[in-house]
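Here's the letter readout for the chains.
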Amino acid sequence: MPQMTPRTLFTVTVAAALLLAAMPASAAGPIETEISLVSHFLKGTENVVVNYSMTNVTDQPVRVLLWNTPFDGIEGNLFEVARNGELVPYLGRVYKRGTPQPEDFMTLEAGETRVTKVELSAYYEMNFTGEYQLRARNESFDHAPLGQLPLKGQHGSLLDLGSNSVIFWIDGEEPPLADIAPLAFDKVIRKAKPVRETCSNERKAILANALAAAQGIAGNASSYLSSGQNPSSPRYTEWFGAFSSGRWNTVDSNFQAIDDALNNANVEFDCKCKQRYYAYVYPNEPYKIYLCRVFWDAPLTGTDSQAGTLVHEMSHFNVVAGTDDVTYGQNSCRSLAISNPNSAIQNADSHEYFAENTPFLN
């Protein structure tokens with residue numbers, strides 16, 4: 001029997017996957033999300049374009065937070081992409097945002113379907129040869145209660161936006177010999193004095209104070225975790241949920257890395273952003289932080305502060321803690337700690353609120 005090549009094996013896999021895809025899908029909640037590809041065989045020079053659809057399968061309107069969908073563009077790590085079974089890096093931005101406002105939601109009427117095309121090769125490393133698997137991520141995100149608009153400062157219930165998986169083959173570059181999954185980066189900090197670019201003298205002064213304050217709250221958080229505090233303490237359980245030694249150790253390690261980076265890394269600030277966010281970073285491009293409009297109006301310390309924003313953004317870098325934006329805002333972070341502690345320890349805002357410690361908890 002002739003030996004099957006990787007691409008031949010992939011063709012068999014695609015055929016089986018297409019048979020499964022033809023079966024009717026069942027929705028786990030009010031929203032059913034599906035993705036599909038035009039082609040399952042691509043060259044490394046071709047864009048990876050995905051058809052993304054979202055259907056309200058209930059008999060009532062549902063309002064969905066646009067931030068967690070591609071209908072408002074790709075502004076976060078919304079998909080899970082693997083090559084030959086290994087996760088590939090997300091190359092786009094991750095943001096620190098404020099509380100969602102009514103205009104940040106879209107309404108899906110009963111039975112309504114919305115469809116968009118998404119080009120993903122600009123946001124994920126998909127230029128190497130191999131078999132890829134792609135799906136919309138299934139974390140639970142905020143949405144508004146059925147038939148209501150969210151009130152300022154409040155969040156709705158949790159919503160599963162996970163999709164089916166699709167597979168495809170890319171004929172591109174040969175992968176590097178030391179192919180590293182994005183979650184396995186060594187936490188190596190380059191030691192240098194902070195660098196600030198594209199910022200006015202006034203803003204440089206603000207950033208000097210913000211960086212010092214961020215170093216203070218990150219150091220306090222790291223010391224708290226490393227000193228053997230009561231694992232059932234209100235401060236820990238408020239933001240990270242029920243104690244387990246594994247989760248505690250993860251948060252401890254994260255804050256050691258955040259504290260180290262804020263004090264020793266080559267931090268660069270960019271002040272050109274005019275968007276209605278606090279800040280954003282590219283997780284695989286340490287240690288540059290882009291500061292946006294809301295940051296400059298935030299208090300130096302306290303809830304959603306300038307210091308906390310720097311902790312939030314520093315936690316996103318893959319070489320630091322590699323956190324994600326599962327949810328935003330104190331109310332949602334408290335709910336996440338109760339419902340899903342494993343997600344809470346990966347959530348950037350949860351780390352920020354633990355460091356800010358406002359209101360104060362022991």
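In short, a report on the structure.

The rules behind each value
Residues numbered from 1 in each chain as written. Predicted model: local features only at pLDDT ≥ 70, side-chain atom pairs only at ≥ 80, totals over all residues. Heavy atoms only, no water. Helix = DSSP H or I, 4+ residues; strand = E, 2+ residues; numbered from the N terminus. Buried < 20%, exposed > 50% of the residue type's maximum accessible area, 1.4 Å probe, protein only. Contact = heavy atoms within 4.5 Å. Areas by Shrake-Rupley, 256 points an atom, 1.4 Å probe, with all protein chains shown as cover. Polar contact = N/O pair within 3.5 Å; in protein donor to acceptor, adjacent residues only side chain to side chain. Disulfide = S-S within 2.5 Å.

**What to know about the overall build of the chain**
For the chain, the count of helices and strands is nine helices and 17 strands. Every one of the 362 residues in the chain was classed for burial, and the buried ones make up 49%. Taking contacts inside the chain between residues at least 6 apart in sequence as the whole, the part at least 24 apart equals 73%. Taken as a whole, the chain presents about 16500 Å² of accessible surface, with 51% of it coming from carbon and sulfur.

**With respect to the side chain of Asp304**
As for its position among the elements, Asp304 is in the loop between helix H5 (293-297) and helix H6 (306-316). Its relative accessible area of 17% is what places Asp304 among the buried residues. Engagement of the side chain of Asp304 in a polar contact is seen with the side chain of Tyr353, the distance being 2.8 Å. The contact partners of Asp304, leaving out residues within four places of it in the chain, are Lys96, Tyr278, Ala298, Pro299, Glu352, Tyr353 and Glu356.

**So, the state of the cysteines**
All chains considered together, the criterion is met by two disulfides. Note that Cys199 is cross-linked by a disulfide to Cys271, the S-S spacing being 1.9 Å. Measuring handedness by torsion sign, the sulfur bridge of Cys199 and Cys271 sits at about 85 degrees and is right-handed. A residue pair is termed long-range when its members are at least 10 positions apart, and Cys199 in the loop between strand E14 (195-196) and helix H2 (201-226) and Cys271 in the loop between strand E15 (268-270) and strand E16 (279-281) qualify at 72 residues. For the pair formed by Cys199 and Cys271, the shared burial category is buried. The disulfide partner of Cys273 is Cys292, and the S-S distance across this bridge is 2.2 Å. Taking the sign of the torsion about the S-S bond as the criterion, the disulfide between Cys273 and Cys292, at about 95 degrees, is right-handed.

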